[in-house]
Amino acid sequence: MRAIGYASPGPASVLEDIDLPDPVASGRDLLVEVRAISVNPVDTKLRVRGGAEPGQQYKVLGWDVAGVVRAVGTDVRGFAPGDEVWYAGSVVRPGANSELHLVDERIAAKKPASLDFSAAAAMPLTSITAWELLFDRLGAARDGGEGQALR
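Note that the coordinates shown come from a computational prediction; the quantities given were computed from them, not determined experimentally.

**Q** Before we go on, may I ask you to explain the sheet that holds strand E8 (residues 108–110) in this structure?
**A** Backbone-to-backbone hydrogen bonds pair the strands of a sheet. The strands run either parallel or antiparallel. Across the sheet, which stays open at both edges, the five strands sit in the order E7-E3-E5-E6-E8 with antiparallel pairing between neighbours. Each end of this open sheet is capped by a strand with a single partner; those strands are strand E7 (100–104) and E8. Taking the axes of each pair of neighbouring strands and ignoring which way they run, one obtains an average angle of 45 degrees across the sheet. Bridge count for strand E5 (residues 64–72) against strand E6 (residues 84–88) is five bridges, and the pairing is antiparallel. Bridging across to E6, Val65 finds its partner in Tyr87.

**Q** Explanation requested: the sheet that holds strand E1 (residues 2–6) in the structure shown.
**A** The three strands are arranged E2-E1-E4 in an open sheet whose pairing can be described as antiparallel. Edge positions in the open sheet fall to strand E2 (16–19) and strand E4 (59–60), since each of these has one partner strand only. Across two bridges, E1 lies against E4 in antiparallel orientation. From the neighbouring strand, Tyr6 faces E4, where its bridge partner is Lys59.

**Q** Hey, could you run me through the pairing of E1 in this one?
**A** Looking down a regular strand, the side chains alternate between one sheet face and the other. One ladder, built from four bridges, connects E1 with E2; its direction is antiparallel. Bridge pairing links Gly5 to Glu16 in E2.

**Q** Teacher, can you tell me more about a nonpolar patch on the surface here?
**A** On the surface, Leu133, Leu134 and Leu138 cluster together into a nonpolar patch covering about 280 Å² of accessible area. As for its position among the elements, Leu133 is in helix H3 (residues 124–137). Relative accessible area serves as the criterion here: at 47%, Leu133 is assigned to the partly exposed category.

Thresholds applied
- Throughout, residues of each chain are indexed from 1 in the direction in which the sequence is written.
- In keeping with the predicted nature of the model, local features appear solely for residues at pLDDT of at least 70, side-chain atom pairs appear and are counted solely at 80 or more, and the whole-chain, interface and lining totals rest on all residues.
- Side-chain metrics in this entry use all non-hydrogen atoms of the structure; hydrogen atoms and water are not considered.
- In short, DSSP must find at least two bridges between two strands for them to pair.
- Going along the chain from the N terminus, every DSSP run of H or I of four or more residues is numbered as a helix, and every run of E of two or more is numbered as a strand.
- Lines fitted to C-alpha atoms define the axes here, with helix axes fitted over just the stretch in contact, and angles between the N-to-C directions of these axes take values from 0 to 180 degrees.
- Put simply, a patch holds well-exposed residues, over 30% relative accessible area, that have no salt bridge, with like charges counted together within 9 Å and Val, Leu, Ile, Met, Phe, Trp or Tyr side chains within 5 Å.
- Accessible surface area values rest on a Shrake-Rupley calculation with a 1.4 Å probe, where residue burial reflects the displayed protein chains alone.
- Here a salt bridge means any side-chain nitrogen of Lys or Arg lying within 4 Å of a carboxyl oxygen belonging to Asp or Glu.
- In this scheme, a residue with accessible area under 20% of its type's maximum is buried, one over 50% is exposed, and one in between is partly exposed, where area comes from a 1.4 Å probe on protein chains only.

Dropping the structure here:
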């Protein structure tokens, strides 16, 4: 599969087109055909701080993703091939700047039909940040009913 990765940390110029083996879904993994990704500060921070993991030639970034499930691992229960999904992946796994990406089903969700792939990929980390600001930092009430303003 085609991907964008780098071997050594540095500026954006270290990124290169690479070929990697297709990942295979197992356990609770979804194999996602990536349709859109977004770039966040975590991508640039990781790119300048660290290179490929020991035993790996390249590091692949990108964790805000929207795509289509191509295959599922044997323990997956909530998704099936063909499902449209979105998620913020895990920085301890390879990123999604690639044609295919493995993600644990527990951190993925079905993409809202009202969002196209680009809009869905732009939202995961920014939505988590907004949630943490409203509810964890500002103490907004989480139990408001429909039509109620946040306190």
